[in-house]
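For reference, the chains in residue letters:
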Amino acid sequence: MTSPHTAAEKAHILSEALPYIQRFYDKTIVIKYGGNAMTERHLMEAFAKDVVLLKLVGMNPVVVHGGGPQIAGLLQRIGKQSEFIQGMRVTDEETLDVVEMVLGGLVNQDIVTLINKHGGSAVGLTGKDGNFIHAKKMLVKSKDKADEMLDIGQVGEITRIDPAIIQVLDARDFIPVVAPLGADAAGNAYNINADVAAGKIAGALQAEKVIFMTNTPGVLDKQMRLLTGLTPREVDELIADGTISGGMIPKVGYAVDAVNSGVKSAHIIDGRVEHALLLEVLTPEGVGTLVKRA
């Protein structure tokens with residue numbers, strides 16, 4: 001039997017969540033799902049439960065996922081070497097076939113199945129469905145020759161988001177689960193960075209929040225303390241003085257781009273923490289770095 005003290009503690013925790021439930025009721029929350037939260041079973045189960053709970057208390061979660069490890073694994077099994085240029089996967093036609101199979105099929109449907117198992121009504125789609133992610137070929141600057149642009153294959157940059165299909169699903173109480181694939185006017189498909197897709201979709205939906213699940217605690221200062229409540233200007237200052245460096249620069253850049261496009265706040269959270277999503281949305285402490293408008 002649960003002790004009265006434990007029951008009282010649970011009641012207090014639930015009551016603390018009430019103002020956040022009221023504040024974010026009927027608001028859109030875009031979640032970029034990835035990292036350990038997407039590969040460790042207990043974290044996957046916790047994530048699915050969190051998404052279902054957010055939906056049941058009246059929020060509108062939209063899940064955007066990656067699938068890098070799964071793509072690499074399948075490429076290895078068919079004997080194809082993964083190649084990267086400046087952190088981006090070189091995507092020829094054969095690699096794109098694998099990317100579409102993994103992102104739009106295997107990974108997407110695994111997430112849909114997991115959310116539905118826990119009582120949600122998830123619907124899987126790619127950016128090609130409803131033609132909602134418009135893209136063009138991405139060219140990257142050469143590190144060796146300043147005036148040279150490199151073609152890395154079917155890797156795309158987003159030119160426009162048409163969120164109508166997401167809005168229809170939200171209105172009917174479905175949970176959209178989006179694989180970051182896009183297409184151009186000629187029907188050519190492109191592999192798109194999931195962090196970029198999440199931020200752009202959040203901007204198009206004018207979301208309340210976009211949450212990037214990572215394998216890091218968030219932005220840390222030089223004494224390794226977590227920083228939060230940052231404005232874009234403060235982020236620029238932290239990059240300039242070297243506090244934010246390396247792989248955190250693009251992550252925080254996606255967060256800044258999102259708030260500059262109209263999203264109220266962006267969050268970089270530690271997906272290695274069980275129920276990180278609920279902790280960030282429904283508690284005052286949170287589990288990561290919040291970036292807000294100036």
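Residues numbered from 1 in each chain as written. Predicted model: local features only at pLDDT ≥ 70, side-chain atom pairs only at ≥ 80, totals over all residues. Heavy atoms only, no water.

(A) Looking closely at the sheet that holds strand E11 (residues 209-214). Taking strand neighbours across the sheet as the criterion, the 7 strands line up as E5-E8-E2-E1-E11-E12-E13 in an open arrangement whose pairing is mixed. Where the open sheet ends on each side, the last strands, each with one partner, are strand E5 (122-126) and strand E13 (288-292). Within this sheet the neighbouring strands show an average axis-to-axis angle of 20 degrees, counted without direction. The pairing of strand E1 (residues 28-33) with strand E2 (residues 60-65) spans 6 bridges and is parallel. Within E2, the position partnered with Tyr 33 by the bridge is His 65. Each of E11, strand E12 (265-270) and E13 is contacted by helix H8 (residues 248-260), which is oriented at about 150 degrees to E12, the strand it contacts most. (Pairing = 2+ DSSP bridges. Helix = DSSP H or I, 4+ residues; strand = E, 2+ residues; numbered from the N terminus. Axes fitted to C-alpha atoms, helices over the stretch in contact; angles between N-to-C directions. Contact = heavy atoms within 4.5 Å.)

(B) Expanded view of the environment of Asn 191. You can see Asn 191 is positioned in strand E10 (residues 189-191). Taking the C-alpha atoms as reference, Asn 191 lies 23 Å from Gly 271; in sequence the two are 80 residues apart.

(C) Representation of the pattern of salt bridges within the structure. Summed over all chains, the structure comprises 12 salt bridges. A salt bridge links Lys 117 to Glu 45, with the shortest nitrogen-to-oxygen separation between them at 2.9 Å. You can see Lys 117 sitting in helix H4 (residues 93-117) and its partner Glu 45 sitting in helix H2 (residues 41-56), a full 72 residues away along the chain. We classify Lys 117 as exposed; its relative accessible area is 55%. Owing to a relative accessible area of 16%, Glu 45 belongs among the buried residues under this scheme. With a shortest N-O distance of 2.6 Å, Lys 128 and Glu 100 are connected by a salt bridge. Of this pair, Lys 128 sits in the loop between E5 and strand E6 (133-141) while Glu 100 is found in helix H4, placing the two residues 28 residues apart along the sequence. According to the relative accessible area criterion, Lys 128 is partly exposed, its value standing at 34%. By relative accessible area, which is 23% here, Glu 100 ends up partly exposed. Overlapping salt bridges bring together Lys 27, Glu 208 and Lys 264 as one network. (Salt bridge = Lys/Arg side-chain N within 4 Å of Asp/Glu carboxyl O. Buried < 20%, exposed > 50% of the residue type's maximum accessible area, 1.4 Å probe, protein only.)

(D) Focus on the packing of aromatic side chains. Applying the stated criterion to the full structure yields 1 aromatic pair. Seen from their ring centres, Tyr 33 and Phe 47 are 3.8 Å apart, and the 5 degrees between their planes marks the pair as stacked. With Tyr 33 in strand E1 and Phe 47 in helix H2, this pair connects stretches of sequence that are 14 residues apart. When sorted by exposure, Tyr 33 lands in the same class as Phe 47, which is buried. (Phe/Tyr/Trp six-rings, centres within 6.5 Å; stacked < 30°, edge-to-face > 60°.)

(E) Structural detail: unusual backbone geometry. Phi is positive for Asp 26, close to 65 degrees, though the residue is something other than glycine. Its location among the elements puts Asp 26 in the loop between helix H1 (4-23) and E1. Despite not being glycine, Asp 173 has its phi angle at roughly 70 degrees, a positive value. Looking at the element boundaries, Asp 173 is found in the loop between helix H5 (164-171) and strand E8 (175-179). For Asp 173, a relative accessible area of 55% puts it in the exposed group.

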